[in-house]
Structure formats: structure tokens, C-alpha cells
Amino acid sequence: MRAATCSPLSYRAHHDPTVHPPTRPASAVNGVVIPGRPTPALLHLLRRNADFRRLFLASVVSLGGDWFAYVAVSGLVIDDTGREGAGAVVFAASVLPVFLAAPVAGVIADRVDRKRLMIGADLLRVAPALGLLAADAADLPLLALLCVAAIAALSAFFEPVTAAVLPNVVAPRDLSLAQSTMGAVWGSMLFVGAAVGGLVAAVLGRPASFALNAVTFLASALLVWRIRAPFQQRRSLDVPTLWGAMGDVWRFVRPRKISHTLLVTKAGVGVGNGLVGLLPAYALSVFGAGDLGIGLLIAGRGLGALLGPFIGRALVRRLRTRVGVLPLPELLDEALEASGYRAMLADGSEEGEERWANLLELRSVTTRYDDLTPEDALDRLLEETALVAD
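A quick note: this is a predicted structure, and the numbers were derived from the prediction, not measured.

A. Expanded view of the overall build of the protein chain. Each helix and strand in the protein chain was counted, giving 17 helices and two strands. Here the protein chain holds 390 residues, and 42% of them are scored as buried. Counting contacts in the protein chain only where the partners sit at least 6 residues apart, residues at least 24 apart contribute 79% of the total. Counting only carbon and sulfur atoms, one obtains 63% of the accessible surface of the protein chain, whose full area is about 20100 Å².

B. Structural context of the pattern of salt bridges. For the structure on display, the rule yields seven salt bridges. Residues R54 and D51 are paired through a salt bridge, measuring 3.5 Å at the closest nitrogen-oxygen approach. With a gap of three residues between them, R54 and D51 both fall in helix α2 (residues 50-81), about one helical turn apart. Across the pair, exposure class does not vary: R54 and D51 are buried alike. Across the pair E351 and R355 runs a salt bridge whose closest N-O atoms are separated by 2.8 Å. Of this pair, E351 and R355 both sit in helix α16 (residues 350-366), four residues apart, which is roughly one turn of the helix. For E351, a relative accessible area of 48% translates into the label partly exposed. On the accessibility criterion, R355 (36% relative accessible area) is partly exposed.

C. A look at unusual backbone geometry. Here the phi dihedral of D139 falls at roughly 55°; this positive angle occurs in a residue that is not glycine. Along the chain, D139 turns up in the loop between α4 (114-138) and α5 (141-155).

D. Spotlight on the packing of α2 against α4. The geometry of α2 relative to α4 is characterised by a closest axis approach of 11 Å and an angle of 25° between their N-to-C directions. Considering the angle they form, α2 stands roughly parallel to α4. In this structure, α2 meets α4 at a crossing whose hand is left-handed. Residues L55, S62, A69, V73, L76 and D80 of α2 form the contact with α4, whose own contacting residues are M118, R125, L132, A135 and D136. Its residues assigned to classes, the contact of α2 with α4 comprises seven nonpolar, one polar and three charged.

E. Structural view of the packing of aromatic side chains. Applying the stated rule across the entire model yields one aromatic pair. Directly above the ring of F158 sits R125, whose terminal nitrogen or CZ lies 4.8 Å from the centroid.

F. Examining a nonpolar patch on the surface more closely. On the surface, F191, V192, V196, L303, L307 and I311 cluster together into a nonpolar patch covering about 480 Å² of accessible area. If you list the elements that add at least two residues to the nonpolar patch, you get α8 (175-204) and α13 (290-320). Inspection of the secondary structure puts V192 in helix α8. Overall, the relative accessible area of 41% leaves V192 in the partly exposed class.

G. Looking closely at helix α12 (residues 279-286). Taken together, the buried positions of α12 are P280, A281 and A283. Buried residues in α12, looked at end-on, bunch into an arc of 160°, giving them a common side.

H. Just the nonpolar core, in detail. Core analysis: the largest hydrophobic core is formed by 37 residues, its most contacted members being F52, L55, M118 and V224. Elements represented by at least two residues in this core include exactly α1 (38-48), α2, α3 (86-109), α4, α7 (166-169), α8 and α9 (206-225). Sort the elements by how many residues they give to this core and α2 lands first, with six residues. Discounting chain neighbours no more than four positions away, the residues touching M118 are L55, F158, V161, T162, V224 and F231. Core analysis: the second largest hydrophobic core is formed by 34 residues, F91, L145, C147 and L190 among them.

I. Quick look at the environment of P141. Relative to the assigned elements, P141 resides in helix α5. Residue classification places P141 among the buried residues on the basis of a relative accessible area of 19%. Note: C-alpha distance between P141 and D80 (61 residues apart in sequence) is 6.2 Å. Here P141 is in contact with V77, D80 and T81, once residues within four sequence places are set aside.

J. Inspection of the packing of helix α14 (residues 328-339) against α16 at higher detail. At a closest axis distance of 8 Å, the pairing of α14 and α16 adopts a crossing angle of 150°. Considering their axes alone, α14 and α16 lie roughly antiparallel with respect to each other. You can see that α14 and α16 cross each other, and the crossing is right-handed. Every residue of α16 that contacts α14 at L328, P329, L332, D333 and L336 is listed here: W356, L359, L362, R363 and T366.

K. A look at the environment of L296. Within the secondary structure layout, L296 lies in helix α13. In this structure the C-alpha to C-alpha distance between L296 and A195, which are 101 residues apart in sequence, comes to 5.1 Å.

L. Representation of α4 within the structure. For α4, with 25 residues, the first-to-last C-alpha span of 37 Å sits near the 36 Å given by 1.5 Å per residue. Here α4 starts with a cap whose side-chain oxygen sits 3.0 Å from the backbone nitrogen of K115, and that cap is D113. D139, located one to two residues past α4, shows a positive phi value of around 55°.

Calculation criteria
- All residue numbers here refer to positions counted from 1 along the written sequence of the relevant chain.
- Predicted model: local features are reported for residues with pLDDT of at least 70 only, side-chain atom pairs are reported and counted for 80 or more only, and whole-chain, interface and lining totals are derived from all residues.
- Processing note: side-chain calculations cover all non-hydrogen atoms of the structure and skip hydrogens and water entirely.
- Helix and strand labels come from DSSP, where a helix needs a run of H or I of at least four residues and a strand needs a run of E of at least two; each type is numbered from the N terminus.
- Burial classification: accessible surface area is computed with a 1.4 Å probe over protein chains only, and a residue below 20% of its type maximum counts as buried, one above 50% as exposed, and the rest as partly exposed.
- Contact definition: two residues touch when any of their heavy atoms are within 4.5 Å.
- Only the protein chains shown count as covering a residue, and every accessible area follows the Shrake-Rupley method with a 1.4 Å probe.
- Whenever a carboxyl oxygen of Asp or Glu lies within 4 Å of a side-chain nitrogen of Lys or Arg, that contact is scored as a salt bridge.
- Working convention: axes come from line fits to C-alpha atoms, limited for helices to the stretch in contact. Angles between N-to-C directions cover 0 to 180 degrees.
- Any angle that is under 35 degrees is reported as roughly parallel, and any over 145 degrees as roughly antiparallel; angles of 65 to 115 degrees are reported as roughly perpendicular and all others as oblique.
- In a left-handed crossing the near helix is turned counterclockwise from the far helix by less than a right angle, and in a right-handed crossing that turn is clockwise.
- Each residue is assigned to one of three groups, with Ala, Val, Leu, Ile, Met, Phe, Trp, Tyr, Cys and Pro labelled nonpolar, Asp, Glu, Lys and Arg labelled charged, and all others, Gly among them, labelled polar.
- Centres within 6.5 Å are what make two rings of Phe, Tyr or Trp a pair, Trp counting through its six-membered ring; a difference in plane orientation under 30 degrees is then read as stacked, over 60 as edge-to-face, and the rest as tilted.
- Cation placement over rings: the criterion is NZ of Lys or CZ of Arg within 6 Å of the ring centroid and within 35° of the ring normal.
- Patch membership requires over 30% relative accessible area and the absence of a salt bridge. Like charges are linked within 9 Å, and nonpolar side chains (Val, Leu, Ile, Met, Phe, Trp, Tyr) within 5 Å.
- Arc, as used here, means the arc of the directions from the helix axis to the C-beta atoms.
- Note on terminology: a nonpolar core comprises buried Ala, Val, Leu, Ile, Met, Phe, Trp, Tyr and Cys residues joined through side-chain atoms within 4.5 Å.
- Working rule for helices: expected span equals 1.5 Å times residues minus one.
- For the purposes of these results, a polar contact is taken to be a pair of N or O atoms within 3.5 Å, where, inside protein, one atom must be able to donate a hydrogen and its partner to accept one; residues adjacent in sequence count only when each atom of the pair is a side-chain atom.

Set out below in C-alpha cells:
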């Protein structure tokens, strides 16, 4: 299984400009390609840069197979244990190993040949992917969880390197387009892979999903092997230790309020994403929809990951004209109205009333800064919110 990862990998370019005319770079929000004629530029980049095309396809097939398997293994573990909450354990098994292995993987990736590392991670993931077939045949949910954890830990040695090698695979003028495209792969394959995976598991059976996942790792390894561009610069590097790299990150983030706030926010979002582990239980117990229902619910999350940045971008552009002009309480009111969140909570339910009471409490907090300018008031609120979350 694959989860979002990050690590202190080096991002170093190793390209000479080519004679191709520059393409119009696409902008991106949260890793999603934003319109502005990105599609013709992307198609042009994929056509003329075979190495990037192979790297892109390797990520697509690998992530697609992962979500195929996630849907099937969630249903398998829930059925074998008879516990609806077992789906959350599957999700934890796909996330926690990445959290533990990613920092180590980043340091290792700066010390060894990245191409061999990616191919090795792909080939090693085939074994636990096939192990899911054995777990299904023998009704061994513990074996399934161990296989999921092994795949996730090995993914930590593959996914971050994919982003780190982009400056070596594409020309500098194509880097923005390439990065936003690769960032969009996760959300799009979550949407497509989970939906199709649920359909495959429901029609062809779970073993078909597990077998396809193993095949995707072999296909990914083959595509990476065919990339000719160097994956890193051939020169001696002063590579820090694990603790040294983490210390560098902390020294960079600590004095910067915006980076500090974003880091805390990302951690909060990650904790909230734990609810995704309950989607399989919802599909089985509430809707009685089986593997197809699991796939559709998880695909809904992927659809939100794709559409959210577009909606957020439109909202931010609208509110940007108000920041520094409206008092902070009025700015909050504007955000609640523009997002439709206020109308959504006014459904008469007890939960909606509780959430609205929490928002009213937040609004009362914003009045503490009435003696400041609107811009300074917003800065103070964000700063103090970050400190409380810390």
C-alpha cells in the first residue's frame, strides 16, 4: 500500500538545456495540475521525453495496483476477523511503516544508486504482494496485515526517490510541469484505482486484485530500468546522517512562521485522515455493498483530493481581495458563506449545531484582535493557533 511520504532527499538538477522550444509550465495547487493549457504541454513533454514518460508510467501502474489491493485486502481482513474496525488496522498497517521508514529511506537514497534502489524496492514488493494471495487462500488476516506493512515500508524507498530524480530526468524549464504532474498521480490513481479495484474484486474476486498488484511492481521495475538519464549527480556529496538531516529541517522550519504553521497543519490533517480506515467498515456495515462499495467510498476520497485544490484555489482567490481589508470576524463570516460550510451545518442536526457552536466560539476569539489592523490580526491569530497546536 502506498501513503504519502516525505524525506530529506536532495533535489539536484543534472541537465543541459535541449533545443526544444519551451513549454508553458502549468501551475499547481497541492500537487494538482491547474488549467492554463497544461494538457498540451504535458502531452508534448511525455512525447519528447521518454525517460519522464517511463517514470510517470511507473508511478501510475504502481499506485493503481496498490489501490486495487487496498480495497481487496480491507474486505479480506474484515471478513476473516468478523470485526468491522479491522479495516482501520489495515489502514494503519499501510501508513505507520512509511512514517517510520521514510526518514531512513531519504538518507539511504542520498548514499546509494537511486535507480538500483527503486528497482530493488519494486522487486522486493512482489513477494509480499503475492503473499496476499496466500493470506486469502488460507484465511490468515495476520499474514495479510504483515504483507501490507512490508509493501508500505518498501514503498518508502521508492516514492520519495521518484520526486527527487525529476530534476535529473527533465530539463529545468519542464520541472514545474513535471512536478505538478507527478503530484497529481496520487489523487487520480486513488480515484481511478480504488473504483476499478472494487469492481475487479467484486467481479473477478480478490485474488485477481492481489495478482494484478504484483504485476504492477514488475512493470514498474521494468520501466525504471529502461530510464537512461542519471538519477543523481556523479560527484562526492557531504551527505548528512539521519539525525543531521532532521536537524537541518528543524533549523529551517523553526524561525519561519509560515513553514511552522504548515507543518503543524499537515500533522493535523494526517491525524484526521485516520478516519479513512473506517470507510471499509462503513461500506460493509452501513451500505452492505461489499468490495465494490469499499472501492467507491475510497474513490470518493480520491475525487475530493482532485477537486479540492480547484475549489480551494477559487475560494482563496476570492478571499484574497478581502484579507487586510475586512475585520477578522467579518473575514471568517465571508469564508463560511463562500465555502457553503455555514449552509451545510444549518441542517437541524445535533452534530451540525455542535459544530456551529464551535465556530461561534472561534469567532469570539477573533474579536480579541479588534485593536489591530485586519492584516496584523490575521497574522496574530495564525501565529497563536500554531503555538497552541504545538
